[in-house]
Amino acid sequence: MSMLETAALRLNLWQRELYHAATVLGNQLKDTDELGFTPNILWWGAAYSDLLSLCAGSIRGKLIIADSDPRRLRTSTALVDNASGIRLVALADLSRDAKAIELLLQGAVMRDIDAYLALEEKLRSSAERSPAVADGWADHLFMDFTLNRVDVDHESKLMSEAFRTLSATGSIICTLLVGDEPVSARHSVKSAPVGAALQIPSESAVIAAFQQAGFHGITFHWSTAANIIDRIGDVDVRMCSIKAYKGKQGPCWELGQAVMCRGPWLEVQDDDGHVYRRGERVAVCAKTFGLMMRAPYQGAFLGLRSVNEPPLARAVTFGCNTSTLRDPKVTKGLAPFDGGQAEASCSAENGCC
């Protein structure tokens, strides 16, 4: 049991669950340290909860804290040395920096609708050219109850912004409150920080939101007890952390590779619809092979490469929307491979790439 978890035993339910969430985040930061690279970290939600203060001592690398509340930004940036804060115009939008907009407004003179439209276009193009958080900047994105603080109408924008700002091999940890059934309106939650009522998505709805945004390897992280924080009517509200990854998008190339599911499950299916049966050599493209060899799948699959694997620059298209088994002779170099079914290759339409 970690020191955080030991300390949590003396706290109320909200604090216990928050300590568990801090442990999940801390483990991610520790894993990054062991890999030996300095990450870019985006903390989205400022000092809404005590998560940042609990994790501050473990943060290494460049940290950007983003929120629409200037008071929370001042509080949170003071917690971590060399942290920088970005005040967002809207919490769900990581492209619009309030400070940058204020600079544009200083020289604006609006006497008619044409002047207003010109300023509006200037603000729009500025956000597109130089967003508050650049595309692919974050290696780690931590969402501090951000999903609970936005309206349902802004949820898809928030998720697309998370995907946009995360690096191609980045990961996101979203700490939030979820219900075991849908909750129709915003509610104040027992023991939650003082502020506006919160949106409480259902467990299935929040997973669907991550899937629709393009993430893969999505996992729930609950505390051992999975304590009920509050009850709204018949709905049990719990705190959890959801971890997900970016990187399944892109072309599919044939290198003669295969993966084998180690078990214990008889059969598993990934976010691209590929099915892996325990002990079978499933033919995969280079992109899927790479995904299966790293977190969160690392250790669950045996990677099998062909001794005749060509350079990527000379590879042909692989039809990874058609599940096939890889002949062991291909792996051993005793039989050629022809690039899979090129006519059945992946596309943006079928969702494979």
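See above for the structure.
Residues numbered from 1 in each chain as written. Predicted model: local features only at pLDDT ≥ 70, side-chain atom pairs only at ≥ 80, totals over all residues. Heavy atoms only, no water.

Some remarks on the sheet that holds strand β13 (residues 281–283)
Note the following rule: Any two strands with at least two DSSP bridges between them are considered paired. Every helix listed is a DSSP run of H or I at least four residues long, and every strand listed is a run of E at least two residues long, numbered separately from the N terminus. In this analysis, axes come from line fits to C-alpha atoms, helices being fitted only over the stretch in contact, and the angle between any two N-to-C directions falls in the range 0 to 180 degrees.
If you walk across this open sheet you meet the 3 strands as β13-β10-β14, and the pairing is antiparallel. Strands with a single pairing partner mark the edges of an open sheet, and in this sheet they are β13 and β14 (301–304). Each strand of the sheet is rotated relative to its neighbour by a mean of 30°, with strand direction disregarded. In this structure, strand β10 (residues 258–261) lies alongside β13, joined through 3 bridges in antiparallel fashion. Across the sheet, M260 pairs through a bridge with R281, a residue of β13.

Points about helix α4 (residues 70–77)
Which entries qualify depends on this criterion: Here the term buried applies to any residue with accessible area under 20% of the maximum for its type, exposed to any over 50%, and partly exposed to those in between, with areas from a 1.4 Å probe on protein chains only. Note that the arc is defined by the directions from the helix axis to the C-beta atoms. Whether two residues are in contact is decided by their heavy atoms, any of which lying within 4.5 Å being enough. Two N or O atoms count as a polar contact when they lie within 3.5 Å, although within protein this holds only if one can serve as hydrogen donor and the other as acceptor, and sequence-adjacent residues are included solely when both atoms are side-chain atoms.
Within α4 the residues assigned to the buried category are R72, L73 and S76. All buried residues of α4 fall inside an arc of 100° around its axis, so they share one side. The elements touched by buried residues of α4 are α3 (51–55), β2 (62–67), β3 (84–87) and α7 (146–149). N-capping of α4 is provided by D69, with a side-chain oxygen placed 2.9 Å from the backbone N of R71.

Structural notes on the nonpolar core
What counts is decided by this rule: Residues grouped as a nonpolar core are buried Ala, Val, Leu, Ile, Met, Phe, Trp, Tyr and Cys residues, joined through side-chain atoms within 4.5 Å.
Counting residues in hydrophobic clusters, the biggest one holds 36 residues, and the most contacted among them are L42, W44, I172, F210 and F215. With 35 residues, the next largest nonpolar core counts V24, A83, A192 and I229 among its residues.

Some thoughts on the packing of aromatic side chains
For any pair of aromatic rings, the description consists of the separation of the ring centres together with the inter-plane angle of the planes. So the rule is basically this: For this analysis, a ring pair means two rings from Phe, Tyr or Trp (six-membered ring only for Trp) whose centres lie within 6.5 Å, classed as stacked if their planes differ by under 30 degrees, edge-to-face if by over 60, and tilted for the remaining angles. Geometrically, a charge over a ring is one whose NZ (Lys) or CZ (Arg) sits within 6 Å of the ring centre while staying within 35 degrees of the ring normal.
Under the counting rule described, the total for this entry stands at 7 aromatic pairs. Where Y276 meets F301, the ring centres are 5.0 Å apart and the plane angle is 70°; that geometry is what we call edge-to-face. Here F301 lies in strand β14 and Y276 lies in strand β12 (residues 275–277), a separation of 25 residues in the sequence. F301 matches Y276 in its accessibility class, with the two residues each being buried. We note K246 situated over the ring of F163; from NZ or CZ to the ring centre the distance is 4.5 Å.

Things to note about helix α8 (residues 155–165)
Most of α8 is tucked away, with 8 of its 11 residues classed as buried. By the burial criterion, the buried members of α8 are E155, L158, M159, E161, A162, F163, R164 and T165. As for α8, its buried residues are in contact with β1 (40–44), β4 (138–144), α7, β5 (166–179) and α9 (203–213).

A look at the packing of α8 against α9
Just so we agree on the cut-off: For classification purposes, angles smaller than 35 degrees are called roughly parallel, those larger than 145 roughly antiparallel, those between 65 and 115 roughly perpendicular, and all remaining angles oblique. The hand of a helix crossing depends on one turn: near helix anticlockwise from the far one by less than a right angle means left-handed, and clockwise means right-handed. Ten residue types, Ala, Val, Leu, Ile, Met, Phe, Trp, Tyr, Cys and Pro, are classed as nonpolar, four, Asp, Glu, Lys and Arg, as charged, and the remainder, Gly among them, as polar.
Remark: α8 packs on α9, axes separated minimally by 9 Å, with the N-to-C direction vectors making an angle of 50°. As judged from the angle between their axes, α8 and α9 are oblique. Helix-helix and strand crossings are classified by hand; for α8 and α9 the assignment is right-handed. From α8, E155, M159 and F163 reach across to α9, where they touch A209, F210 and A213. For the contact of α8 with α9, the residue count by class is 5 nonpolar, no polar and 1 charged.

Re the pattern of salt bridges
Pairs may arise between side chains of opposite charge once their charged atoms sit close together. Put simply, the rule is: Only one rule defines a salt bridge in this text: a Lys or Arg side-chain nitrogen within 4 Å of an Asp or Glu carboxyl oxygen.
Enumeration over the complete set of coordinates arrives at 15 salt bridges. In this structure, the salt-bridge partner of R149 is D67, at a minimum N-O distance of 2.9 Å. Of this pair, R149 sits in helix α7 while D67 sits in strand β2, and the two are 82 residues apart along the sequence. The exposure class of R149 is buried, given its relative accessible area of 16%. The salt bridge partner of R326 is E254, with a shortest N-O separation of 2.9 Å.

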